[in-house]
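Read off the chains here:
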Amino acid sequence: MNGNELLASIRAVVGDDYVIAHREDLLVYEYDGSVDRSMPRAVVLPADTDQVSRVMALAYEAGVTVVGRGSGTGLSGGAITPPEGLQIAFPRMDRILDVDTVNRTALVEPGVINLDLDNHVRRFGMRYAPDPSSQRACSLGGNIAENAGGPHCLAYGATTNHVIGMEVVLEDGEIVHLGSMAREAAGYDLRGAFVGSEGTFGITTKILVRLLPLPETVRTFLGIFPDIDSACTAVSAVIGHGIVPAALEMIDALSIKAVQNVTDAGYPNDAGAVLLIELEGLNEEVDEVSGEVEAALWDTGAADVRVAEDDAERERLWVGRKTAFGAFGTIAPNYYLVDGVVPRTRLTQMLRKVTEVSERYGITIANVFHAGDGNLHPCMLFDAREPGVMESAMAAAAELMEECALLGGTLSGEHGIGLEKKEFMPLVYTDADMEAMQRVREAFAPKNRLNPGKIFPDGSYWRPSAHPAAYTAGMYI
Amino acid sequence: MVSAPDRHSDAGQHMGGGIDAGHGFPYGLPFEGSLNDGPGFAGSDAPAEADLYRCVHCGLCLSACPTYVETRLETESPRGRIALMKAVHEGRTGISDRLVSHWELCLQCRACEAVCPSGVPYGRLMEHTRAQVQDNGLQSPELGRLSRLFLKAALPHNRRLRLAGHLMRLYQRSGVQGLVRKSRLLGLMPGDLAAMEAQMPVMGRQFFEPGSQVFPARGEKQMTVGLLSGCVMPLMQGDAMRAAVRVLQRNGCDVAVPAGQGCCGALNLHAGDLELGRQLAKRNIDAFKQAGVDVVVTASAGCGSSMKEYGDLLRDDPEYAEAAHEFARNTRDITEFLAGLPLDPPSAQLPWRVTMQDPCHLAHAQRITEAPRQVLRSIPGLELVEMAESSLCCGSAGFYSLIQRDMSRRLQRRKIGNATATGAEVIASANPGCISQLEQGLQNAGAEAQVMHVVEILDAAYQAEG
Ligand code: SF4
Ligand code: SF4
């Protein structure tokens, strides 16, 4: 089968309108939310599992690489398709097929937007807990590929804790079920292996997710601190009291400035850092823990502690947190985000390293992150048009990742490795570790036709091509 | 130390791809269509690099975009449209019919702009992009024809407009329209014309004319307000204009509707005719300056949004820059103005069930959603119910409904479905284009509800006091 025949057969499966093969149209499928860019050979937008399976079988037979794409909001290049590859995009598979209020589950297609699911099930008194910052746009299929997190994962865990079962299409087009489409599953937890496999094991076509009942009370605190050190101490104090808030976020002075430039989130402009803390549960429980949280904040040097009065105020506080990265655009034209994790007790130490690296390289670094689980997001802000600054930023990023590893942490809290960090893998894994991982992948995708070139270092330092202007004026996430 | 990946390496080098790299498309498959060598962006009105690269392609705008929500295609998304602009800016491709078709499907509703965390000025980017398309004569033939007919020949000229309005009213009210619609005549007209006939706005019973007269405040006068009469609104929605005057009078305003003003230029600007837009802006700045008003109020969200941007539009004009800035600062949407007053609440009950349709140029461009609701809530007995997707574009979008008929219809149906699902008997809006679009949509759906401007509802409540 030559290429034209392949495209013709794919068109016969999904219809002409949903095969995009003109280069001018492909210009908009060559990016995701990350810095990487590469134009796929064609993009297919299937409508159901059967179409996915048939398209994958055709591609397999023709020996073509396949990359899945949800909404294209990923931050590690997971949806970037190599130049010869076929991209399968899921925006059309966006149906919520079933909500089971008794067993508290929902059966959804992979293109369903995270926030749409959450809004949909709220009317039944339930919610979908993982809430990445991009939840307004990101898809559940993509959430599974990257094992996405979010502020509320502190109490409820990342995506993997909320996925019960999946229907998956393997590289040759075979349809299999992982985990359980009912509640219990016996045998190996293949579902667990699959979540976070970054699209290299298979393509998800249906997902059974776990829903949680809406809490009776939600209370959101804004702890205002004179500096980031005292805020870190407060984090330790809160957790040290045995309190597990639903969310515990830190926003430093620079990030506060950025956010307040774009929207009034209610963060005081002169604060050294703020903590956003959310408690959830039964009324009495929240009342009781609230006292402890407030005491811990005051004890560790808070300049002020505020409680959101109503939903609108609570919403405002969160909008600030969730738009912080976009808002960095008001400070510098480029940014590069490092997604690293350290044990919570090492937070202060890690942040000192960040300051030191920032000073040594002369690069501004903003910090806004999930403090509760030690998931840092130091974010380098710079203007890539200054000669040499890109190289410094990358070198600084490498040092920070090394430090994370040294402190007993890891490379990715929630964004995945993708292209972005594959060369850093040896910092935390030995060759034997990575080989073992590859063998697991081989069990799912022996021909490695799915999203190849990601996760594992291959010395190719593959960066998809891009016009230099994109890099001299663009942004790096 | 891990060295930085080489960001400028060529894509072709990627084949290492993991331990057992997959293979690409069978050798010899050409892309369908190459990147074209059409014209690039040029001149001082080209989209600015700083605006373009503010977009960090995060995708947070996708779910707010009506055309993306309907098509699920990235080519019809804000992020995609900006990516195409960037590609032209970077010289990777020229402007082609295909690119233009994606840009022209954009409603310029600016929902994307309102949710963008990076503050990308999408409205400005799109206006400048359209200007480049127009300069190169690459508009779609439909848009080209319409802009010659309306944007250049009609809207800017008050007299011609009124004449056309009279003819249309005659056509609609004399029964000729009924005859034409029953006859097979429409079938004989070229597609465009027949469709335009179907979309012809319903002319109001009575037109509203600007003049030198000042409508005096009732009670103690607080200030003098200039009311924009603009282009088509006095013709199509004279009733809403008169209601606006009465409501302002009732709330202590002398109301001037100075002659000499005219179309605000919004449609020209949206279509990319920045030059004509600037001329029209100057005409209005002069007219209201002469009238000596404290604020300029408009009952058309679309006009208000472009008037508030006059400062930006005339930034480089030595003579007008300052006046334009001041004019922009003193412009208010009428709902915004009323909500900012200590509004005199009506004393009579108006037991209506009302749902608010947020006009894009109010909700997204001016970020005003609370004011119209505040005005409505001030009316005793009125029940305000929210519809789903209240700020998703209704598909009117200026001339959009005449050019992108399919998309416009889809959004119209979606909007009417959401509005009628609330069981409201009145759909409130604040923009003439939306009002016509909703009226037609209700008619097509055979639905009972009525569409009214927010000030007409407030006026009805005042009238009910007897
Ligand atoms: S326009 Fe704004 S929201 Fe949309 S992709 Fe660009 S930066 Fe993100
Ligand atoms: S202006 Fe409206 S239609 Fe155009 S890209 Fe933005 S949201 Fe979509």
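Residues numbered from 1 in each chain as written. Chains lettered and ligands numbered in written order. Predicted model: local features only at pLDDT ≥ 70, side-chain atom pairs only at ≥ 80, totals over all residues. Heavy atoms only, no water.

Side note on the overall build of chain B
And step 1. The helix and strand tally for chain B stands at 25 helices and nine strands.
And step 2. Every one of the 466 residues in chain B was classed for burial, and the buried ones make up 61%.
And step 3. Taking contacts inside chain B between residues at least 6 apart in sequence as the whole, the part at least 24 apart equals 79%.
And step 4. Accessible surface computed for chain B: about 18,800 Å², of which carbon and sulfur atoms make up 52%. (Helix = DSSP H or I, 4+ residues; strand = E, 2+ residues; numbered from the N terminus. Buried < 20%, exposed > 50% of the residue type's maximum accessible area, 1.4 Å probe, protein only. Contact = heavy atoms within 4.5 Å. Areas by Shrake-Rupley, 256 points an atom, 1.4 Å probe, with all protein chains shown as cover.)

Some remarks on the domain arrangement of chain A
Residue and element names in this part refer to chain A.
And step 1. Considered domain by domain, chain A is made up of domain 1 (217-323) and domain 2 (332-415).
And step 2. The straight-line distance from the C-alpha centre of domain 1 to that of domain 2 is 22 Å.
And step 3. In this assembly, 13 residues from domain 1 lie in contact with 16 residues from domain 2.
And step 4. Buried surface at the junction of domain 1 and domain 2, summed over both partners, amounts to about 1,200 Å²; 61% is from carbon and sulfur atoms.
And step 5. Sorting the residues of domain 1 by area buried against domain 2 places Cys232, Met250 and Leu254 first, and these three jointly supply 33% of that buried surface. (Domains from an automatic or database assignment. Buried area = accessible area lost by both parts, 1.4 Å probe.)

So, the nonpolar core
Residues and elements named next belong to chain A.
And step 1. Ranked by size, the top nonpolar core spans 57 residues in total, and within it Leu248, Met250, Leu275, Leu297 and Met380 carry the most contacts.
And step 2. Counting residues per element, this core draws most heavily on helix α14 (residues 389-406), at ten residues.
And step 3. Shared between two domains, this core holds at least three residues of each, these being domain 1 (217-323) and domain 2 (332-415).
And step 4. Non-local contacts of methionine 380, meaning those with residues more than four positions away in its chain, are made with Asn334, Tyr335, Tyr336, Val338, Ile363, Thr364, Ile365, Ala393, Ala396, Ala397 and Leu400. (Core = buried A, V, L, I, M, F, W, Y, C linked by side-chain atoms within 4.5 Å.)

Considerations on the sheet that holds strand β9 (residues 175-179) of chain A
Residues and elements named next belong to chain A.
And step 1. Strand order in the open sheet made by the five strands is β5-β6-β10-β8-β9, with antiparallel pairing throughout. If you trace the sheet from one side to the other, it starts and ends with β5 (96-100) and β9, each paired once. Looking at each pair of strands side by side, their axes are set apart by 15° on average, direction ignored. (Pairing = 2+ DSSP bridges. Axes fitted to C-alpha atoms, helices over the stretch in contact; angles between N-to-C directions.)

Looking at unusual backbone geometry
And step 1. Backbone geometry places asparagine 147 of chain A, a non-glycine residue, at a positive phi of 50°.
And step 2. Note on placement: asparagine 147 of chain A falls in the loop between α5 (140-146) and α6 (153-156).
And step 3. Judged by relative accessible area, asparagine 147 of chain A falls into the partly exposed class, the value being 21%.
And step 4. Residue histidine 57 of chain B is not a glycine yet carries a positive backbone phi of 40°.
And step 5. Secondary-structure assignment places histidine 57 of chain B in the loop between α1 (49-52) and α2 (66-71).
And step 6. Using a relative accessible area of 14% as the deciding quantity, one classes histidine 57 of chain B as buried.

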